[in-house]
Amino acid sequence: MAEYKLHYFNARGRAEVIRLIFAAAGQKYEDIRFEREQWPEYKLKAPLGQAPFLEITQKGKTFQLGQSMTIARYLARRFGLAGKGPEEEAEVEMYGDQITDILNEIIKIHFEKDEARKAESAKKFFEETLPNILRTLQSKIEKNGSGFLAASGLTWVDLYLVDVLGWLGEKKEHLMANFEHIKALDTKVTNHSKIAEWLAKRPQTPM
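Residues numbered from 1 in each chain as written. Predicted model: local features only at pLDDT ≥ 70, side-chain atom pairs only at ≥ 80, totals over all residues. Heavy atoms only, no water.

Going by what an unreviewed UniProt entry lists, the chain is known as Glutathione S-transferase S1-1 and is assigned to Brachionus calyciflorus.

Spelled out as structure tokens, the structure:
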């Protein structure tokens, strides 16, 4: 049996989708959180000098993975959350890349120091970019009939989408009013027994 150790800052951030995959799979792991001032120590252990990173020990051998999406895809394949067959797996990864586009834009706006530019970027994001992406994702959910992004059912990108939408804070509910299928997906994911258990007990930390 494999043992897993996830290393990341004491925050939700880019590691949260990994934790959600572990939760959905009912898989035990060691959630190693460290403070910013401890990063130099952990950076020496990280395979790419970045966080998050995952250590997997099996049959006496340990290997490491960096990059949150690489870790997510790896665990999803191991736990049956990657989609059915190569075509659907590729389609799921395509959705994952598009959701990463949303996340990257949120982060970019958050750290923009010029207030005028920040306001302009946020306006375009919430009025154009994000609705256009969500409209595309909603059409996929509606057409495939499963209630999820993949026709076969729940995959890691559903968890990823719900997590990233959580970064929107108070704006999320207002936005969901225009996307009933995404709102229904969000409800299904957050009400999933194992995920709901994790959401109820996870540490309250910054995004």
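So, next bit.
Novice: How do you make sense of the sheet that holds strand 4 (residues 61-66) when you look at a structure like this?
Specialist: Backbone-to-backbone hydrogen bonds pair the strands of a sheet. The strands run either parallel or antiparallel. If you trace the 4 strands from one edge of the open sheet to the other, you get 2-1-3-4, paired in mixed fashion. With partners counted over all chains shown, the strands left at the sheet margins are strand 2 (30-34) and strand 4, one partner each. Each strand of the sheet is rotated relative to its neighbour by a mean of 20°, with strand direction disregarded. Here 5 bridges tie strand 1 (residues 3-9) to strand 3 (residues 53-58), and the two strands are oriented antiparallel to one another. Opposite histidine 7, over in strand 3, you have phenylalanine 53 as the bridge partner. Relative to strand 4, helix 3 (residues 68-79) is tilted by about 130°, and along the sheet it contacts strand 1, strand 3 and strand 4. (Pairing = 2+ DSSP bridges. Helix = DSSP H or I, 4+ residues; strand = E, 2+ residues; numbered from the N terminus. Axes fitted to C-alpha atoms, helices over the stretch in contact; angles between N-to-C directions. Contact = heavy atoms within 4.5 Å.)

Novice: How should the UniProt feature "domain: GST N-terminal" (unreviewed entry) in the chain be read in this particular structure?
Specialist: When the UniProt feature table is mapped onto this chain numbering, "domain: GST N-terminal" (unreviewed entry) sits at residues 2-83. A helix fraction of 33% and a strand fraction of 29% characterise residues 2-83, whose end C-alpha atoms lie 22 Å from each other. (UniProt positions renumbered as here; feature names shortened; annotations may be inferred.)

Novice: Would you mind going over the side chain of threonine 205 with me for this structure?
Specialist: Among the structural elements, threonine 205 can be located in the segment after helix 9 (193-201). Taking the relative accessible area as the measure of exposure, threonine 205 reaches 17% and is therefore buried. Here arginine 12 takes part through its backbone nitrogen, which lies 3.4 Å from a polar atom of the side chain of threonine 205. If we ignore the near neighbours within four places in the chain, the residues touching threonine 205 are Asn10, Ala11, Arg12 and Arg33. (Buried < 20%, exposed > 50% of the residue type's maximum accessible area, 1.4 Å probe, protein only. Polar contact = N/O pair within 3.5 Å; in protein donor to acceptor, adjacent residues only side chain to side chain.)

Novice: Any chance you could explain the domain arrangement of the chain here in plain terms?
Specialist: As a measure of interface size, the accessible area lost when the parts come together is often cited. Examined at the domain level, the chain breaks down into domain 1 (3-79 + 195-201) and domain 2 (86-191). Placing a centre on the C-alpha atoms of domain 1 and another on those of domain 2 gives a separation of 22 Å. Of the residues lining the interface, 16 residues belong to domain 1; the matching set on domain 2 comes to 14 residues. Between domain 1 and domain 2, the buried area comes to about 1300 Å², and carbon and sulfur atoms account for 69% of it. Together, Arg14, Met69 and Arg73 form the three largest contributors to the area buried by domain 1 at its contact with domain 2, with a combined 34%. Viewed at the interface, domain 2 and domain 1 are joined by 1 salt bridge. One salt bridge connects arginine 12 with aspartate 163, and the closest N-O pair in it is separated by 3.5 Å. For the pair domain 1 and domain 2, the number of links is 1 residue pair in polar contact (both at pLDDT 80 or more). (Domains from an automatic or database assignment. Buried area = accessible area lost by both parts, 1.4 Å probe. Salt bridge = Lys/Arg side-chain N within 4 Å of Asp/Glu carboxyl O.)

Novice: Would you take a moment to explain the packing of aromatic side chains for this structure?
Specialist: Each aromatic ring pair is summarised here by two numbers: the centre-to-centre distance and the angle between the ring planes. Tallied over the entire structure, the rule returns 12 aromatic pairs. Measuring from centroid to centroid gives 5.4 Å for phenylalanine 9 and tryptophan 39, while their planes differ by 55°, and the two rings are tilted. Within this pair, whereas phenylalanine 9 is found in strand 1, its partner tryptophan 39 is found in helix 2 (residues 39-43), the two being separated by 30 residues in sequence. For the ring pair phenylalanine 22 and phenylalanine 79, a centre distance of 6.1 Å and an interplane angle of 50° mean the geometry is tilted. Here phenylalanine 22 is found in helix 1 (residues 16-25), whereas its partner phenylalanine 79 is found in helix 3, with 57 residues between them in sequence. You can call phenylalanine 22 buried: its relative accessible area is 1%. Among the aromatic side chains, those forming a connected cluster through ring pairs are Tyr8, Phe9, Phe34, Trp39 and Tyr42. For the cation-ring pair, arginine 36 lies above phenylalanine 9, with the distance from its terminal atom to the ring centre recorded as 3.8 Å. (Phe/Tyr/Trp six-rings, centres within 6.5 Å; stacked < 30°, edge-to-face > 60°. Lys NZ or Arg CZ within 6 Å of the ring centre and 35° of its normal.)

Novice: How do you make sense of the packing of helix 1 against helix 3 when you look at a structure like this?
Specialist: Geometry of a packed helix pair, given as the angle between the helix axes and the separation of the axes. With their axes 9 Å apart at the nearest point, helix 1 and helix 3 run at an angle of 10° to one another. The angle between helix 1 and helix 3 places the two elements in the roughly parallel class. Across the interface between the two elements, Val17, Ile18, Ile21, Phe22 and Ala25 from helix 1 touch Ser68, Met69, Ile71, Ala72, Leu75, Ala76 and Phe79 from helix 3. Partitioned by chemical class, the residues of the contact of helix 1 with helix 3 number 11 nonpolar, 1 polar and no charged. (Parallel < 35°, antiparallel > 145°, perpendicular 65-115°, else oblique. Nonpolar A, V, L, I, M, F, W, Y, C, P; charged D, E, K, R; others polar.)

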